[in-house]
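Structure at a glance
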Amino acid sequence: MLIDGKQMHLQCTAKEIGRYVILPGDPGRCAAIAAFFDDAHAVSSNREFNVWTGFLDGEKVSVCSTGIGGPSAAIALEELVECGADTFIRVGTCGGVDASVRGGDVVVATAAVRQEGTSREYLPLEYPAAASYPIVRALADACEALGFRTHVGVIQSKDSFYGEIRPQCMPIAAQLQEKWNAWTAAGVLASEMESAALFVAGACLHVRCGTVLNVLWNDESEAPAVPEGAAQRGIRAAVEAIRRLIREDNRS
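Reading the values: the criteria
Residues numbered from 1 in each chain as written. Predicted model: local features only at pLDDT ≥ 70, side-chain atom pairs only at ≥ 80, totals over all residues. Heavy atoms only, no water. Helix = DSSP H or I, 4+ residues; strand = E, 2+ residues; numbered from the N terminus. Rg over C-alpha atoms; globule rule 2.2 N^0.38 Å. Buried < 20%, exposed > 50% of the residue type's maximum accessible area, 1.4 Å probe, protein only. Areas by Shrake-Rupley, 256 points an atom, 1.4 Å probe, with all protein chains shown as cover. Lys, Arg positive; Asp, Glu negative; His and termini not counted. Charge placed at Lys NZ, Arg CZ, Asp CG, Glu CD. Contact = heavy atoms within 4.5 Å. Phe/Tyr/Trp six-rings, centres within 6.5 Å; stacked < 30°, edge-to-face > 60°. UniProt positions renumbered as here; feature names shortened; annotations may be inferred. Polar contact = N/O pair within 3.5 Å; in protein donor to acceptor, adjacent residues only side chain to side chain. Salt bridge = Lys/Arg side-chain N within 4 Å of Asp/Glu carboxyl O. Pairing = 2+ DSSP bridges.

The name given to the protein chain in an unreviewed UniProt entry is Uridine phosphorylase, and the organism recorded there is Butyricicoccus porcorum.

So, in structure tokens, the structure goes:
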């Protein structure tokens, strides 16, 4: 939606956005991601949305923060698509769910459990929240090339951070625990808050979306801690994946 020629929330124009966009949650990570670009410059800053644009391998690329949760992530996606972007990689943090996923690991999502509300305003729950395969492949190959300990599979997206961290304090504690037990039994890798909304909204908008996550700790077995250099792993994987996608797209 345009107001005075700019997107309502992102406060940018189509000419300021690249085809490929990295989506961190934290506005503070945008400058660090843009540092990997050539000729990067800040485009706009409004609410939770910081936008930078530069170049990778001669192709215009952007980074846009989404804040926390599905609603703001979907707003960013909608307005970036209106600006002409069609390829999106979310870079975020998560807690490990499966016992094999430890702090310092990286997770590449193939799909997300839709335990959130935003995606339900796009499509019924029967529709899966699936990542775009070319992005999954590019991210997995990038993580392998970079030597990261990586897990590829299904994650969970939720709306309440503290509903996961301390479910016993919630009036619906039994329901939350029952679902959590189901996710662990099914081998869900990790828990975060944005990917399901992005995957479903992206499907409706006919664009490519994927996710790479830095694991901070395992929710079942590790105390909260931020491993040294953890945030950089996902950023480096996303940048390398976009380079690979640029090469593939230029060949097609």
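Still more to cover.
Here the focus is the overall build of the protein chain. Looking only at helices and strands, one finds seven helices and twelve strands in the protein chain. Expected size for 252 residues packed as a compact globule is a radius of gyration near 18 Å; at 17 Å, the protein chain falls within 12% of this value. Overall, the protein chain is about 50 × 40 × 30 Å in size when its C-alpha atoms are taken along their principal axes. Every one of the 252 residues in the protein chain was classed for burial, and the buried ones make up 51%. When the accessible area of the protein chain is evaluated, it comes to approximately 11,000 Å², of which 53% is carbon and sulfur surface. Considering the protein chain, the positive charge centre built from 22 side chains and the negative charge centre built from 31 side chains are found 3 Å apart.

Mapping Ile 135 onto the fold places it in helix α3 (residues 133–146). By relative accessible area, Ile 135 is classed as buried at 0%. Among residues more than four places away in sequence, those in contact with Ile 135 are Thr 87, Phe 88, Ile 89, Arg 208, Cys 209, Gly 210 and Leu 245.

This part is about the packing of aromatic side chains. This model, assessed by the stated rule, comprises one aromatic pair. Judged by centre distance (5.0 Å) and plane angle (90°), the rings of Phe 161 and Tyr 162 are edge-to-face. When its relative accessible area of 42% is taken as the criterion, Tyr 162 is described as partly exposed.

The positions that UniProt labels "domain: Nucleoside phosphorylase" (unreviewed entry) are, in the present scheme, residues 19–218. The distance from the first to the last C-alpha atom of residues 19–218 is 34 Å, and the span holds 30% helix and 36% strand.

Turning to the side chain of Gln 156, a few remarks are in order. Looking at the secondary structure, you find Gln 156 in strand β10 (residues 150–158). A polar atom in the side chain of Gln 156 sits 2.9 Å from the side chain of Gln 115. Every residue in contact with Gln 156, bar those within four places of it in the chain, is listed here: Val 113, Gln 115, Trp 180, Trp 183, Val 188, Ala 190, Ser 191 and Glu 192.

Let's shift gears to the pattern of salt bridges. Here the structure, examined in full by the defined rule, presents ten salt bridges. When the shortest N-O distance is used, the salt bridge between Arg 19 and Asp 249 registers 3.6 Å. Of the two residues, Arg 19 sits in the loop between β2 (6–7) and β3 (20–24) while Asp 249 sits in helix α7 (residues 230–251), which places them 230 residues apart along the sequence. A salt bridge links Arg 90 to Glu 192, with the shortest nitrogen-to-oxygen separation between them at 2.8 Å. Taken together, the residues span a long stretch of sequence, with Arg 90 in strand β7 (residues 87–96) and Glu 192 in strand β11 (residues 190–192) at a distance of 102 residues. Exposure remark for Arg 90: the relative accessible area of 3% places this residue in the buried category. For Glu 192, a relative accessible area of 2% translates into the label buried. Through salt bridges with shared partners, a single ionic network connects Arg 19, Asp 86, Arg 208 and Asp 249.

Across the eleven residues of strand β12 (residues 208–218), eleven count as buried, placing the element largely inside the fold. Summarising the sheet, strand β8 (residues 106–115) and β12 pair through three bridges and their orientation is antiparallel. Each bridged residue has a counterpart across the sheet, and for Val 106 the counterpart in β12 is Asn 214.

This part takes up the pairing of strand β4 (residues 38–46). In the sheet, β4 pairs with strand β5 (residues 49–56) via six bridges, with the strands oriented antiparallel. Looking at β5, one finds that Ala 42 is bridged to Trp 52.

To continue, consider unusual backbone geometry. The phi torsion at Asp 39 lies on the positive side, around 55°, for a residue other than glycine. By the element assignment, Asp 39 lies in strand β4. The exposure class assigned to Asp 39 is exposed, which follows from its relative accessible area of 65%. For His 206, which is not a glycine, the phi torsion comes out positive at approximately 60°. Relative to the elements of secondary structure, His 206 occurs in the loop between α6 (195–205) and β12. Its relative accessible area of 73% is what places His 206 among the exposed residues.

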